[in-house]
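Coordinate inspection notes
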Amino acid sequence: MIRLIDVYKEYDNGTKALKGVNLRIDDGEFVFLVGPSGSGKSTIIKLITAEIALTEGRLMVNGYNLNTITPRQVPYMRRTLGIIFQDFRLIEKKTVYENLSFAMRAVGASNREVRRRIPYVLKLVGLDQKADRYPGQLSGGEQQRVAIARALVNNPSMIIADEPTGNLDPQRSLEIMMLLERINELGTTVLVVTHEKNLVNRFDKRVVAIENGRIMSDGTGGYYNGEKI
Amino acid sequence: MARRFDAGYYLSEGVHSIFTHGFMSFAAVCMIVACLLIMGSFTLVAVNLDKNLGDLENENQLAVYIDESYTEEKARSLEEEISKIPNVTDISFVTKAEALSEFQEKRENVEMFQNLPEDVLRDRYYVHMNDIELISQTKQDLENVPGVAKVVAAVEIAEGFVMIRNIATGVALVLVGILLIVSLFIIANTIKLATFYRREEIAIMKLCGATDGFIRWPFVVEGMALGLTGSLVAFFLQWGIYHLVATNIVQSNGLSLMTMISYTSMIDIILPVFCGVGVVIGVGGSLIAIRKFLQV
């Protein structure tokens, strides 16, 4: 569960990225966070992943109070999240399997746990036949599936996808979004940051629209819900 | 799922990383070797200088002349009292006759000194000291012994030796200290360059929930392995260079007064020191290098 209460964020250069944002995402939800470039979407993601600290307000992530979290607790909070990036951020020198095992070893999983979990996750994203391939040998859509598998491999309670389809063609984008929908159906909360209107409108999901650091609309039924943006 | 300390994983990742980033590892080892060779060479020069100065100090002796009114037997009886003086390590008694004969042997025109009376010179003791820095005090103590007529000591020369030695030791310590710090930063920058290529990996690990300790350990292992490799290479190179220089110095006529300590007699000091310094700069450099990339 994520809870932002009256959150403000001002960067060192004086940019006011968030101006009193209130947002609640409950366990099991599928939420699109939409808005134009510079609207504050990425700032929200960075606050949730504790890459930056908020200026004012309150923020809770999966039971952790980020106002009072200590640096030692941050890794444990991050283990409750699975993060997917637009540019995949896979390690080119490692195979698909190694990219996943790398993420599992990073949180202290044993060899046995790695061997048991990775085939299951690769099958879930449809890449069980490509475990030995290197990222450079895969298509963009497949690489993003590996990134999704990596985000899932540590069994997080929430997946955060930051522009996951930004580098993909419409067909691959749809497939990735359907995969995220399926993951959500299996019980994982999903937060997708995107500005792809057509894609968002194909799914009947909750859409939170943000502009100029403020939530402009929050509801189910498409990108232009409430016609605020 | 999480385990606290996975030594096997850290070890395999650290060693694996040395080979996957082969060129940077090679550069780091070269830097460690260069730093250790410079420090080692300078220290060995200082140690040999110290030893040779020590030898020269040992040759520096005091001549204690006994009162002319003392018979040889009475003069010999002073030996016990002189031996008890602090800082005196070794004394030897020379009779008037022995002193005269020694005097005559050193002269070219022996005939001129042939008919000198046998008691023209005084009985004397030659005294060696433990600590040459205390020469003035020892001279004074000897002069206070009843029956001692005069004590001749090259106080200025002795003090000169002490000063040279103190300066050499001080300069060596300061330079080795500076070199150690410089080495640490050179290694840190070399490893930082290697780490820069892996900042993406580190960022991914951080976002997956890896603790700083988990990320740091393979780098510590890597730094340790690079440090040890560098120190072993430097140790054998230093051996070769030292052997070459020592052989040339010993064979050189001009420097025949110079004696060199053998490298093998110092192995039990050099090897642990090289390994220790290598590991310190390897691990220290790794930790300094990675610090910046952990701020995610």
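So, here is what we can say about the structure in this document. Predicted model only: the values in this text are computed from it and were never measured. (Residues numbered from 1 in each chain as written. Chains lettered and ligands numbered in written order. Predicted model: local features only at pLDDT ≥ 70, side-chain atom pairs only at ≥ 80, totals over all residues.)

**A word on the overall build of chain B**
Along its length, chain B carries ten helices and four strands. Counting from the amino terminus, helix and strand elements in chain B follow one another as α-α-β-α-α-β-α-β-α-β-α-α-α-α. For chain B, with 296 residues in total, the buried portion stands at 28%. When contacts within chain B are restricted to residue pairs at least 6 apart in sequence, long-range pairs at least 24 apart make up 84% of them. (Helix = DSSP H or I, 4+ residues; strand = E, 2+ residues; numbered from the N terminus. Buried ≥ 20, exposed ≤ 12 C-beta atoms within 10 Å, placed from the backbone. Contact = placed C-beta atoms within 7 Å.)

**Notes on helix H3 (residues 96-106) of chain A**
Taken across its eleven residues, H3 of chain A has ten buried, putting it largely inside the fold. Listed in full, the buried residues belonging to H3 of chain A are Val96, Tyr97, Asn99, Leu100, Ser101, Phe102, Ala103, Met104, Arg105 and Ala106 of chain A. If you follow the buried residues of H3 of chain A, they end up packed against helix H4 (111-124) and helix H5 (140-153) of chain A together with helix H1 (7-20), helix H8 (199-208) and helix H9 (212-251) of chain B. Following H3 of chain A by one or two positions, Gly108 of chain A has its phi on the positive side, about 85 degrees.

**Structural notes on the nonpolar core**
Counting 77 residues, the largest nonpolar core has Leu33, Leu100, Ala149, Ile159, Ile160 and Leu180 of chain A as its most contacted members. Beyond its immediate sequence surroundings of up to four residues, Ile160 of chain A is in contact with Ile45, Ile48, Leu81, Ile83 and Leu191 of chain A. Ala225, Ala234, Phe235 and Ile290 of chain B belong to the second largest nonpolar core, which has 23 residues in total. (Core = buried A, V, L, I, M, F, W, Y, C linked by C-beta atoms within 7 Å.)

**Focus on the interface of chain A and chain B**
The interface is formed by 19 residues belonging to chain A together with 17 residues belonging to chain B. Mapped onto the side of chain A that touches chain B, the elements with two or more residues apiece are helix H2 (74-78) and H3 of chain A. A class-by-class count of the residues in the side of chain A that touches chain B yields eight nonpolar, four polar and seven charged. (Nonpolar A, V, L, I, M, F, W, Y, C, P; charged D, E, K, R; others polar.)

**What to know about the environment of Gly213 of chain B**
Residue position: Gly213 of chain B is located in helix H9. Counting along the chain gives 81 residues from Gly213 of chain B to Leu294 of chain B, while the straight-line C-alpha distance between them is 10.0 Å.

**Considering the environment of Asp123 of chain B**
Residues and elements named next belong to chain B. The residue Asp123 is located in the loop between helix H5 (96-105) and strand S3 (124-129) in this model. On a C-alpha basis, the gap between Asp123 and Ile66 in space is 5.5 Å, while along the polypeptide they are 57 residues apart. The residues contacting Asp123, other than those within four sequence positions of it, are Ile66, Tyr70, Glu72, Ala75, Thr95 and Lys96.

**Details of the pairing of strand S4 (residues 56-61) of chain A**
Residues and elements named next belong to chain A. Where strand S1 (residues 2-10) meets S4, five bridges bridge the pair, whose relative direction is antiparallel. Bridge pairing links Tyr8 to Glu56 in S4. A loop of two residues connects S4 with strand S5 (residues 64-65), the two strands running antiparallel in sequence, and Asn62 in this loop sits at a positive phi of about 45 degrees. (Pairing = 2+ DSSP bridges.)

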